[in-house]
Amino acid sequence: MRCIAHIGVFKALEQEGMLHHIKQIVGVSAGALFGLCYVLGYSLVDLERLACSLDFTVLQNIQPESLFQFPFTFGLDTGDGLEKFVVSLLTRKGLSANTTFAELASKRSISFSCYATDIKTAKTVFFTAEKTPTTTIVFALRATMSLPILFTPLKDPVTHHLLMDGGVLHNLPLVFQSEEERKQTLAILFTREKGIHIETDTKKEDSLMDVIQSVYDCLVTMRNKPFLQKYGDLVCTIPIESVQVFNFNQSQDARRELIVFAEKVMKDFLRKPVLSAKPVRRFSCA
């Protein structure tokens, strides 16, 4: 659920008069989902209403037999619910379920891209209008959000390699950009440092989803440190220690609290002197 904090980030950018300057959004994992929503033309009011009221459990598709099929599917969730949700987002804005990157670029003023991990080559696979014009938005979103173990990975139609969450290689899109591109980029990164505290059931045993997320967070924490030290003035880190990715039953009040917190953190970051004179053209969502 931490991904809904992106709405607070967008709200801060709007209030500081910077949102309309964004020309490109690069997203990874769930960050790509909210980045896409903005590119599609959903207002911040629409996004906040959706994030606070949607029953996210409808996106899950884990069946009793999923565990037995895991050795063959490599994932507990088929991702069908997620794909249907992305299709719904597209069709509500007058686009077809098979909209490609080239088609999206021709109909929207803000360019959108995301990336997944090719686990055969240990390389990133970027989905953009220039590199993958015929790839569908639904396929790319499903690939970039294929968290290992949880979601069944997708097979690249060209190489036939399995694609998983882009964050497997790195969850900070900034690291894949050139120095020139970084000068015009503003990146968002969630960390497990102490910040906002969302009330949870402390007596509840950790679930499989909690363990998966904890392992993932541990893997990315150390590798981010060198980049934060070098590009700290370009990366807004949002500390959300107690917010679990898979807590789909989080209350509406808790969701609103998370959005407000992210908005405040982003505002404080934007008002730092180092950013005052720097035009932002790219926005990366982790």
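Everything discussed here concerns the structure shown above.
Residues numbered from 1 in each chain as written. Predicted model: local features only at pLDDT ≥ 70, side-chain atom pairs only at ≥ 80, totals over all residues. Heavy atoms only, no water.

> So what's going on with the overall build of the chain? Which residues, and what values?
Within the chain, the secondary structure is distributed over 10 helices and 10 strands. Considering the chain as a whole, with its 286 residues, one finds that 52% of them fall into the buried category. Taking all contacts inside the chain whose residues are at least 6 apart in sequence as the whole, residues at least 24 apart take part in 78%. (Helix = DSSP H or I, 4+ residues; strand = E, 2+ residues; numbered from the N terminus. Buried < 20%, exposed > 50% of the residue type's maximum accessible area, 1.4 Å probe, protein only. Contact = heavy atoms within 4.5 Å.)

> Let's hear about empty space enclosed by the protein: which residues, and what values?
Within the structure shown, the criterion is met by 1 cavity of 30 Å³ or more. When its volume is computed, the largest cavity comes out at roughly 50 Å³. Contributing to the lining of the largest cavity are Leu-33, Phe-34, Cys-37, Leu-50, Ala-51, Phe-56, Phe-85 and Leu-89. Only α2 (30-40), α3 (44-53) and α5 (80-91) provide two or more residues apiece to the lining of the largest cavity. Broken down by element, the lining of the largest cavity gets its largest block of residues, 3 residues, from α2. Residues belonging to the lining of the largest cavity are distributed by class as follows: 8 nonpolar, no polar and no charged. (1 Å grid on protein atoms, 1.4 Å probe; cavity = no way out; pocket = protein on both sides within 12 Å on 5 of 7 lines; lining within 4 Å. Points joined across faces, edges and corners; volume = space filled by probe spheres on them. Nonpolar A, V, L, I, M, F, W, Y, C, P; charged D, E, K, R; others polar.)

> Residue-level account of α2, with values.
Most of α2 is tucked away: 11 of the 11 residues are buried. For α2, the complete set of buried residues consists of Ala-30, Gly-31, Ala-32, Leu-33, Phe-34, Gly-35, Leu-36, Cys-37, Tyr-38, Val-39 and Leu-40. Looking one or two residues beyond α2, the residue adopting positive phi is Gly-41, at roughly 105°.

> How would you summarise the packing of aromatic side chains if you had to cite specific residues and measurements?
Under the definition given, this model contains 7 aromatic pairs. An angle of 40° between the planes, with centres 5.1 Å apart, marks the rings of Tyr-115 and Phe-126 as tilted. Here Tyr-115, found in strand β3 (residues 111-118), pairs with Phe-126, found in strand β4 (residues 123-127); they are 11 residues apart in sequence, far enough to count as distant. Its relative accessible area of 0% is what places Tyr-115 among the buried residues. You can call Phe-126 partly exposed: its relative accessible area is 22%. On the numbers, 5.6 Å between centres and 80° between planes, the contact of Phe-126 with Phe-176 is edge-to-face. Linking Phe-126 in strand β4 with Phe-176 in the loop between β7 (162-165) and α8 (179-182), this pair joins segments that are 50 residues apart in sequence. Under the relative-accessibility criterion, Phe-176 is labelled partly exposed at 33%. (Phe/Tyr/Trp six-rings, centres within 6.5 Å; stacked < 30°, edge-to-face > 60°.)

> Summarise the pattern of salt bridges; cite the residues concerned and give the values.
Inspection of the entire model under this criterion finds 10 salt bridges. One salt bridge connects Arg-271 with Glu-16, and the closest N-O pair in it is separated by 2.8 Å. With Arg-271 in the loop between α10 (252-270) and β10 (282-285) and Glu-16 in the loop between α1 (5-15) and β1 (24-27), this pair connects stretches of sequence that are 255 residues apart. Classification of Arg-271 as exposed rests on a relative accessible area of 53%. On the basis of relative accessible area, Glu-16 is assigned to the partly exposed category, the value being 28%. Asp-253 is the partner of Arg-256 in a salt bridge, and the nearest nitrogen-oxygen pair spans 3.7 Å. (Salt bridge = Lys/Arg side-chain N within 4 Å of Asp/Glu carboxyl O.)

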